[in-house]
2 protein chains.
Amino acid sequence: MIVRQAANILEIMEFFAQTKKPATLAEIADHFGWPRSSTFNLLATLSEKGYLYEPRPRGGFYPTPRWLAMARMVSEVEPLPPWTHALIAELSAETGETASITAPSGLWAVFIDVVESQAPIRYFATIGHRVPIHAAASGRALLLQYSREERDALYRKIEFRQYGPSTPISIEAVETELRNSTARGYCQSFGDYSRDLAGAAIPLPIGDRRLSVVVAGPEFRIGPKVPEVAALITRTVDRLRPKSAA
Amino acid sequence: MIVRQAANILEIMEFFAQTKKPATLAEIADHFGWPRSSTFNLLATLSEKGYLYEPRPRGGFYPTPRWLAMARMVSEVEPLPPWTHALIAELSAETGETASITAPSGLWAVFIDVVESQAPIRYFATIGHRVPIHAAASGRALLLQYSREERDALYRKIEFRQYGPSTPISIEAVETELRNSTARGYCQSFGDYSRDLAGAAIPLPIGDRRLSVVVAGPEFRIGPKVPEVAALITRTVDRLRPKSAA
DNA sequence: GCACATTGTTCACATATGTGAACAAGATGT
DNA sequence: ACATCTTGTTCACATATGTGAACAATGTGC
C-alpha cells in the first residue's frame with residue numbers, strides 16, 4: 001500500500017526543486033489538481049514542522065534550509081569517495097551519454113550518483129531512480145558481487161516480467177547472462193528493461209559496499225559502441241581508483 | 001488539521017539524521033511505537049519514490065542521496081550571503097551562546113541558520129525552529145521592518161497568549177515594546193516566550209529580505225549582559241556586512 | 001539440522017482523514 | 001470607495017487509510 005500523503009510531501013518538495021521559487025497555496029493546489037483544503041493541511045503540517053516558511057508576506061511558501069541541514073547529516077555517513085563522481089563525470093564527457101553509480105536495494109538497483117548526458121536525446125535518470133536488479137546492466141553488475149545463495153534468495157522474490165524482447169524471464173536466463181557477462185568482462189543490456197535503452201556496466205566494489213558503474217543511452221546511438229564503452233569504463237576505473245583500495 | 005503521515009516521514013528522516021546508520025523495519029517501528037504494518041507501508045512508499053534504499057542485503061534502510069540533491073536544488077535559490085554565517089559563528093564564539101538568523105513566516109519567526117552554543121546548558125535551537133513573531137526578540141526585530149499596516153494585518157490573526165510573565169498580550173503592548181526597542185537600539189526578550197530564555201536581536205535587512213540576527217541563552221547567564229551582547233551584535237554586523245549592500 | 005525467535009508481508013475491517021461547500025479575508029479594477 | 005475576483009480557512013460527513021491478527025520467510029541457538 002502506498003501512503004498517499006507521504007508521497008505527496010515528496011511531490012511538493014520535487015515541485016519546489018523544479019520551480020525554484022516560492023509558490024502560494026493556490027498555485028500548488030492547481031498544479032497538482034488537489035483540493036485547496038487538502039493542500040492547506042499539507043502546507044500547514046510542513047510549516048509547523050519547520051520545513052516550509054513564507055519568505056515574504058503573501059509571497060507564498062518555500063522550503064526552509066532545514067531540508068539541507070537534514071540531508072547533509074544523513075549523507076555525511078559513508079559518502080562516496082570523490083573519485084567515483086570524477087569517474088562518471090569523465091565517462092559522461094567522453095561518451096556523451098549518461099553515467100551513474102548504482103547500489104542494490106532489495107530487488108532493485110538504485111542510482112546513487114548520476115551525471116547526465118548533455119545530448120538532446122538522452123537517458124534521463126536521477127539520483128534515486130530504480131531499475132529491476134536482474135533486468136538491467138547496472139543491476140547485473142551488482143548481482144555479480146553476490147554469492148549464489150544470496151542471489152537465490154532474491155530470485156525467490158522476483159516476479160519475472162517481460163519488459164522487452166530480451167528481458168531474462170527465468171532464473172536460468174539471468175544466471176546464463178551473468179556467466180556471459182563474466183566471460184565478456186562487462187555487463188550489457190539492450191532494452192532488457194527500458195525500451196530503446198542500451199548500456200554497459202561493471203561491478204565497483206568499494207570497501208564492503210557492492211556498487212556498479214553504468215553508462216547508458218539510446219540504443220541507436222550507444223548500441224554499436226557498447227564494447228568500446230565497456231572498455232573505456234574499465235580503463236577509467238583502473239586509472240582513477242586509488243591503488244590502496246580493494 | 002495535521003497530516004499524520006506527512007509528519008511521519010519527516011520524523012523518519014529526522015531519526016536517520018540522528019542515528020546516522022541504516023535501520024530495519026522492526027527498529028523503526030519499535031522506536032516510534034508504530035505498528036509493523038504501518039511502518040512497512042511508509043518504508044515501501046519512501047523506497048518506491050527513490051528516497052530510501054537498502055545498502056546491503058538485510059542491512060536495513062537508509063536515505064538515498066536524493067534528499068541531498070533535492071535540498072541542494074531548493075537551497076541554491078537566494079542562499080544567504082556567506083558573511084551571515086560568519087556573523088553568527090563569531091557571535092556564538094564571542095558570547096558562548098546560541099546565535100541565529102531568522103526570517104518571517106506569517107505569525108512566526110523561523111530560524112534559517114543557527115550556530116549553537118557549546119555550553120552544557122544552552123539554548124537548543126535548530127534550523128526550522130519557530131517562535132511567535134511578536135513574543136520573541138528575533139521576531140520583533142523582524143516586525144520593526146514592517147509597515148504599521150502590515151503589522152496590523154498580522155495582529156488581526158494573532159491570538160495573544162500569556163507564554164510567560166512578560167509576554168506582551170495586546171497590540172498596544174507589542175507596539176510599545178517595538179517603540180522601546182527602536183529607542184534602545186535593539187530588541188530584547190526575557191522569557192517572553194520560552195521560560196528562562198533571554199536574548200538580544202537586531203533587524204538584518206538583506207536586499208528585499210527582512211531578516212534578523214539574535215543571540216539567546218539561559219536568562220541567568222545572558223540576562224545581565226544583554227546590553228553588551230546587543231552592542232557586540234551591532235558592531236559585528238557593521239564590520240562584516242559588505243559596504244555595498246544596503 | 002531442527003526448533004524457536006525474530007522480522008517482514010498480506011488482508012479485511014473499524015476509524016481516522018481528505019474534501020466539497022460555505023465563509024472570511026485580501027487583492028484588483030473602476 | 002465600492003463591487004468583483006481571488007486566495008485562504010473552517011467544518012461535517014463520506015470514504016480512503018491505518019492497523020491487528022494471522023502467515024511467511026529468514027535468522028539463531030542448540
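Colleague: Looking at this structure, how should I read the interface of chain B and chain A?
Modeller: A common way to express how large an interface is: the accessible area buried when the components associate. Between chain B and chain A, the contact holds 60 residues from the first and 60 residues from the second. Here chain B meets chain A over a buried area of about 5,500 Å², counting both sides, of which 63% is carbon and sulfur. It is L10(B), R56(B) and V74(B) that lose the most area in chain B upon contact with chain A, and together they represent 11% of the buried surface on that side. Across the contact surface, chain B and chain A share 10 salt bridges. Residues D208(A) and R56(B) are paired through a salt bridge, measuring 2.7 Å at the closest nitrogen-oxygen approach. Across the chain B-chain A interface, the total number found is 20 residue pairs in polar contact (both at pLDDT 80 or more). Class assignment for the residues of the side of chain B that touches chain A results in 33 nonpolar, 11 polar and 16 charged.

Colleague: Please clarify how the protein's contact with DNA strand C should be interpreted in this entry.
Modeller: Taken together, 17 residues lie around DNA strand C, and Q5(A), S38(A), R58(A), R4(B) and A26(B) are the ones closest in. Among the atoms of DNA strand C close to the protein, meaning within 4 Å, 72% are from sugar or phosphate groups. In this structure, Q5(A) approaches DNA strand C through a side-chain N or O atom, which is 2.6 Å from a phosphate oxygen. Between DNA strand C and L25(B), the relevant distance is 3.5 Å, taken from a phosphate oxygen to a main-chain nitrogen or oxygen of the residue. Elements with a minimum of two residues in the surface near DNA strand C: α1 (4–19) and α3 (36–48) of chain A together with α2 (25–32) and α3 (36–48) of chain B.

Colleague: Would you mind showing me how to read the packing of aromatic side chains here?
Modeller: Under the definition given, this model contains 15 aromatic pairs over all chains. Between W67(A) and W67(B) the ring centres are 6.0 Å apart and the planes differ by 10°, which places this aromatic pair in the stacked class. Highlighted residues: W67(A) in helix α4 (residues 66–75) and W67(B) in helix α4 (residues 66–75), drawn from two different chains. In this pair, the class of W67(A) matches that of W67(B), namely buried. Among the aromatic residues, those joined into a ring-pair cluster are F15(A), F16(A), F32(A), W34(A) and Y62(A). Looking at R130(A), its charged tip hangs above the ring of W108(A), at a distance of 4.3 Å from the centre. When the ring centre of Y186(A) is taken as reference, the NZ or CZ atom of R184(A) above it lies at 5.5 Å.

Calculation rules
Residues numbered from 1 in each chain as written. Chains lettered and ligands numbered in written order. Predicted model: local features only at pLDDT ≥ 70, side-chain atom pairs only at ≥ 80, totals over all residues. Heavy atoms only, no water. Contact = heavy atoms within 4.5 Å. Buried area = accessible area lost by both parts, 1.4 Å probe. Salt bridge = Lys/Arg side-chain N within 4 Å of Asp/Glu carboxyl O. Polar contact = N/O pair within 3.5 Å; in protein donor to acceptor, adjacent residues only side chain to side chain. Nonpolar A, V, L, I, M, F, W, Y, C, P; charged D, E, K, R; others polar. Near = heavy atom within 4 Å. Helix = DSSP H or I, 4+ residues; strand = E, 2+ residues; numbered from the N terminus. Phe/Tyr/Trp six-rings, centres within 6.5 Å; stacked < 30°, edge-to-face > 60°. Buried < 20%, exposed > 50% of the residue type's maximum accessible area, 1.4 Å probe, protein only. Lys NZ or Arg CZ within 6 Å of the ring centre and 35° of its normal.

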